[in-house]
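Geometric and topological summary
What follows is each chain in one-letter form.
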Amino acid sequence: VIGTAFAQVPAKPDVNPITNDAVNTASTPTTTAAKTAVTSDAGALNECYSTIGDQPRTALQSCLERKTREVTSQMNIAYKKLEAQTKEVDSSATAKALASLLASQKAFEKFRDAQCQWEGDSAMGGSGAGDFVSACKVDLMRFRTQQLSD
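Rules behind the numbers
Residues numbered from 1 in each chain as written. Predicted model: local features only at pLDDT ≥ 70, side-chain atom pairs only at ≥ 80, totals over all residues. Heavy atoms only, no water. Salt bridge = Lys/Arg side-chain N within 4 Å of Asp/Glu carboxyl O. Helix = DSSP H or I, 4+ residues; strand = E, 2+ residues; numbered from the N terminus. Contact = heavy atoms within 4.5 Å. Core = buried A, V, L, I, M, F, W, Y, C linked by side-chain atoms within 4.5 Å. Buried < 20%, exposed > 50% of the residue type's maximum accessible area, 1.4 Å probe, protein only. Expected span 1.5 Å × (residues − 1). Axes fitted to C-alpha atoms, helices over the stretch in contact; angles between N-to-C directions. Parallel < 35°, antiparallel > 145°, perpendicular 65-115°, else oblique. Left-handed = near helix turned anticlockwise from the far one by under 90°. Nonpolar A, V, L, I, M, F, W, Y, C, P; charged D, E, K, R; others polar. Disulfide = S-S within 2.5 Å.

Comments concerning the pattern of salt bridges
Opposite charge on two side chains permits them to pair, given that their charged atoms come into close proximity. Under the counting rule described, the total for this entry stands at 8 salt bridges. Beyond isolated ion pairs, a larger network of salt bridges with shared partners links Glu47, Lys67, Asp139 and Arg142.

Looking at the side chain of Thr94
With respect to the element layout, Thr94 can be found in helix H4 (residues 94-121). Sequence-distant contacts of Thr94, defined by excluding residues within four places in its chain, comprise Thr86, Lys87 and Val89.

Looking at the nonpolar core
In terms of nonpolar packing, the biggest core is built from 22 residues, with Leu60, Leu64 and Leu148 touching the most fellow members. Non-local contacts of Leu60, meaning those with residues more than four positions away in its chain, are made with Leu45, Cys48, Tyr49, Ile52 and Asp131.

Focus on helix H5 (residues 129-149)
Helix length check: H5 (21 residues) gives 30 Å between terminal C-alpha atoms against 30 Å at 1.5 Å per residue, within 8%. Buried-residue contacts for H5 involve helix H2 (44-52), helix H3 (57-87) and H4.

Here's the deal with the packing of H4 against H5
Packing of H4 against H5 leaves a shortest axis separation of 8 Å and a crossing angle of 155°. As the angle between them shows, H4 and H5 are arranged roughly antiparallel. Taken as a pair, H4 and H5 cross one another with a handedness that is right-handed. Along its contact with H4, which presents Leu101, Ser104, Gln105, Phe108, Phe111, Arg112, Asp113, Gln115, Cys116, Gln117, Glu119 and Gly120, the element H5 presents Ala129, Phe132, Val133, Cys136, Lys137, Leu140, Met141, Arg144 and Leu148. Partitioned by chemical class, the residues of the contact of H4 with H5 number 11 nonpolar, 5 polar and 5 charged.

A closer look at unusual backbone geometry
Despite not being glycine, Met124 has its phi angle at roughly 55°, a positive value. Its place among the elements puts Met124 in the loop between H4 and H5. According to the relative accessible area criterion, Met124 is exposed, its value standing at 73%.

A few points about the state of the cysteines
Tallying each qualifying case throughout the model produces 2 disulfides. Cys116 shares a disulfide with Cys136; S-S distance 2.1 Å. Residues Cys116 and Cys136 are joined by a disulfide whose S-S torsion is about -75°; by sign, that bridge is left-handed. You can see Cys116 sitting in helix H4 and its partner Cys136 sitting in helix H5, a full 20 residues away along the chain. For the pair Cys116 and Cys136, a shared accessibility class is recorded, and that class is buried. Taken N- to C-terminal, the disulfide-bonded cysteines of the protein are connected 1-2, 3-4.

Set out below in structure tokens:
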């Protein structure tokens, strides 16, 4: 049958797919710290879920709205700082660099909106679709802020 050579067997939990040996999942200070680091870097949605605990969904929305305001401000500050630094360069190419920076920012915003809309639409009408869109925007704006700051 065509294509069966590439069929994948579902992964077994707690089994290394390479060696097929059991994976030690015991919690140690090192693994706990690693899990904490991953969780804290796992995105705005997980951060807000951790923050609100058992509070109602409205608390989740408020958390995401707060994160959106914060990261929007941070991204705008990073953009303005980079723009100012670029303006300070005495070069015949400065105007072109500024135009490229603006075009890049506009393209990022268009990408962010389209990507996050897709992520929300992928929920197929689920009640969390709006949360997915908001969290996606926060996560992508964090990435962009880092880009602008480097």
